[in-house]
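Here are the chains, one letter per residue:
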Amino acid sequence: TDHLGEKFNNESLKGQWSWVFFGYTSCPDVCPTTLQEMNFIYDDLKAIATNSQVLLVSVDPKRDTQDKLASYIGYFNPEFKALYGDHGMLFPFARNLGLMYAITEPEQSHDENNPSDNVQSYLVDHSASLVLINPAGKVEAIFKPKQALGVVPVIEGDKLVSDFDKIVKLYNN
């Protein structure tokens with residue numbers, strides 16, 4: 001389901017160049033950094049292929065409600081889509097794309113202002129890679145971020161745009 005409550009399935013990928021990223025709204029670093037970078041280069045991607053779409057797939061269905069996803073994804077770009085589903089759908093989808101995610105053990109924390117309120121705090125380990133799905137609905141490429149010790153993994157936007165241009169030209173020939 002997308003952040004507007006519309007059904008999203010394999011047919012939703014047909015005819016589109018889809019940039020798929022796994023993440024979640026409570027992510028402290030990788031997700032906002034990647035989505036910001038995708039927003040910076042989105043016009044360039046659309047100049048290469050007007051049928052481009054950016055998809056954030058939430059790997060935190062417990063906390064990422066439709067409303068929360070709509071607000072979050074809209075902050076980066078109103079054309080981006082956020083998708084959500086239960087783990088029964090997410091795990092096989094992630095595996096089929098060659099990505100992974102894992103929820104860390106939740107820690108119970110207490111809100112000091114409201115002692116009766118227990119708030120679950122946990123992180124979700126997830127890939128920082130972007131998967132490019134071609135208009136036929138098949139995986140065309142996986143873009144892995146630049147990794148450096150102690151630094152948030154970042155997708156290099158200029159390289160992504162350059163590679164996308166080459167991929168689209170090859171695909172159309």
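The structure presented is a predicted model; accordingly, all values stated were derived computationally and were not measured.

Here we come to the nonpolar core. W19, F22, M38, F143 and L160 are the most contacted members of the largest nonpolar core, which totals 49 residues. The greatest single-element share of this core, amounting to 7 residues, is contributed by helix 1 (residues 30–48).

This part covers the pairing of strand 9 (residues 139–143). Sheet faces and side chains relate simply in a regular strand, where the side chains alternate between the two faces. Where strand 8 (residues 130–133) meets strand 9, 4 bridges bridge the pair, whose relative direction is antiparallel. Bridging across to strand 9, L130 finds its partner in F143. The antiparallel hairpin formed by strand 8 and strand 9 contains 5 residues in its connecting segment, where G137 sits at a positive phi of about 85°.

Here we come to the state of the cysteines. The final tally for this structure, using the stated rule, is 0 disulfides. C31 provides the cysteine sulfur closest to C27, a residue in no disulfide bond, and the two sulfurs are 3.4 Å apart. A residue is classified by how much of its surface remains accessible, and C31, at 0% relative accessible area, is buried.

Taken together, the side chains of D43, D44, E156 and D158 define an acidic patch exposed on the protein surface. Along the chain, D158 falls in helix 4 (residues 157–172).

This brings us to the pairing of strand 2 (residues 52–58). Here strand 2 lies mainly inside the structure; 7 of its 7 residues are buried. Across 7 bridges, strand 1 (residues 17–23) lies against strand 2 in parallel orientation. Bridge assignment links F22 to a residue of strand 2, and that residue is V57. As for the winding sense of the linkage, the β-α-β connection from strand 1 through helix 1 to strand 2 is right-handed.

A word on the packing of helix 1 against helix 2 (residues 66–76). Put simply, helix 1 and helix 2 touch, their axes get as near as 9 Å, and they point 45° apart. When the axes of helix 1 and helix 2 are compared, the pair comes out oblique. Only Y72, I73 and F76 of helix 2 make contact with helix 1, whose side of the interface consists of C31, P32, L35, Q36 and N39. Taken together, the residues of the contact of helix 1 with helix 2 sort by class into 6 nonpolar, 2 polar and no charged.

What counts as what
Residues numbered from 1 in each chain as written. Predicted model: local features only at pLDDT ≥ 70, side-chain atom pairs only at ≥ 80, totals over all residues. Heavy atoms only, no water. Core = buried A, V, L, I, M, F, W, Y, C linked by side-chain atoms within 4.5 Å. Buried < 20%, exposed > 50% of the residue type's maximum accessible area, 1.4 Å probe, protein only. Helix = DSSP H or I, 4+ residues; strand = E, 2+ residues; numbered from the N terminus. Pairing = 2+ DSSP bridges. Disulfide = S-S within 2.5 Å. Patch = residues over 30% accessible without salt bridge, like charges linked within 9 Å, V, L, I, M, F, W, Y side chains within 5 Å. Areas by Shrake-Rupley, 256 points an atom, 1.4 Å probe, with all protein chains shown as cover. Salt bridge = Lys/Arg side-chain N within 4 Å of Asp/Glu carboxyl O. Lys, Arg positive; Asp, Glu negative; His and termini not counted. Charge placed at Lys NZ, Arg CZ, Asp CG, Glu CD. Right-handed = clockwise from strand over helix to strand, strands pointing away. Axes fitted to C-alpha atoms, helices over the stretch in contact; angles between N-to-C directions. Parallel < 35°, antiparallel > 145°, perpendicular 65-115°, else oblique. Contact = heavy atoms within 4.5 Å. Nonpolar A, V, L, I, M, F, W, Y, C, P; charged D, E, K, R; others polar.

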